[in-house]
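Geometric and topological summary
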Amino acid sequence: METPNYKVLVVDDEQDILEFTSYNLKKEGYSVYTANNGKEAINIAKEITPHLIILDVMMPEMDGVETCEKLREIPTLGSTIITFLTARSEDYSQVAGFEAGADDYIIKPIRPKVFIARVKVLLKRYTNISTESHISQQDTSYNIGELVIDKEKHEVRFNEQPLNLPKKEFNLLLLLTSRPSKVFTREEIFSKIWGDDIFVGDRTIDVYIRKLREKIGENSIKTIKGVGYKFELANA
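Procedures and definitions
- Residues numbered from 1 in each chain as written.
- Predicted model: local features only at pLDDT ≥ 70, side-chain atom pairs only at ≥ 80, totals over all residues.
- Heavy atoms only, no water.
- Salt bridge = Lys/Arg side-chain N within 4 Å of Asp/Glu carboxyl O.
- Buried < 20%, exposed > 50% of the residue type's maximum accessible area, 1.4 Å probe, protein only.
- Helix = DSSP H or I, 4+ residues; strand = E, 2+ residues; numbered from the N terminus.
- Expected span 1.5 Å × (residues − 1).
- Core = buried A, V, L, I, M, F, W, Y, C linked by side-chain atoms within 4.5 Å.
- Contact = heavy atoms within 4.5 Å.

So, the pattern of salt bridges
Under the criterion given, the structure shown has 9 salt bridges. As a salt-bridge pair, Lys-182 and Glu-188 come within 3.7 Å of each other at their nearest N and O atoms. Judged by its relative accessible area of 12%, Lys-182 falls in the buried class. For Glu-188, a relative accessible area of 21% translates into the label partly exposed. Several salt bridges converge on common partners, so that one network encompasses Asp-12, Asp-56 and Lys-108.

Below is the structure:
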């Protein structure tokens, strides 16, 4: 049964969307807060520290992408899940949203059962992030699912078996597991793993992802088409 004290902030400039989503969320026992614009959302988020923010993309003055960027600059919201509400015609915004720090997106028009099911999945991600993904920089070893990763010793075990990972594969796995369910864009991966190496080809990431999947299974690393990759815990 869902924990009833999850706090959900819904941000949209259309009152009917706010009323519709609020009604369905409150039926599930969530504490629901609403904002009509990005600036109001930022102020409310600072005050209540929501578990989940549902953020419309197309808003006047400050759009959803800019709002998301500013929310991600607030240290106390490090564990907060942010998902966009986006119309099917706004595919471009999904990429921009992930780059701004969003965790996912929900496509309009919203259907109540699908919407609530998606919210439950996102809140389950919040639990995973809170308990497993915010790994301290001082932690030299951590467990995530069937993986045991020792950063200091440069060692990985999967299902209690040691894995031999070259440096780039190890660093890529380290990045993806640092925050399960977060989508890392291809640009972000290139920047963090390969830096300014101009000799890296466009398909390099795909090759390394394939090698990792061969060693830890096909299902842990998910492809977000046209955007990047994320590490997903089982049943998340």
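This is not the end of the story, as more comes after the structure.
Comments concerning the environment of Pro-75
Residue placement: Pro-75 occurs in the loop between α3 (64-71) and β4 (81-87). Residues Pro-75 and Lys-46 lie 29 residues apart in sequence; the distance between their C-alpha atoms is 9.6 Å.

Overview of helix α8 (residues 204-216)
With 13 residues, α8 extends 19 Å between its outermost C-alpha atoms, agreeing within 8% with the 18 Å of an ideal straight helix rising 1.5 Å per residue. Among all positions of α8, only Thr-204, Ile-205, Asp-206, Tyr-208, Ile-209, Leu-212, Arg-213 and Ile-216 are buried. The positive-phi residue at the C-terminal boundary of α8 is Gly-217, with phi of around 100°.

Some thoughts on the nonpolar core
Counting residues in each nonpolar core, the largest one holds 26 residues, and the members touching the most others are Leu-147, Ile-149 and Ile-189. The set of elements that each furnish at least two residues to this core consists of β6 (141-144), β7 (147-150), β8 (155-158), α6 (167-177), α7 (186-194), α8 and β12 (228-231). A per-element tally of this core places α6 first, with 6 residues. Every residue in contact with Ile-149, bar those within four places of it in the chain, is listed here: Thr-140, Ser-141, Tyr-142, Ile-144, Glu-155, Val-156, Phe-170, Leu-173, Leu-174 and Thr-177. With 22 residues, the next largest nonpolar core counts Ile-48, Ile-74, Leu-77 and Ala-100 among its residues.

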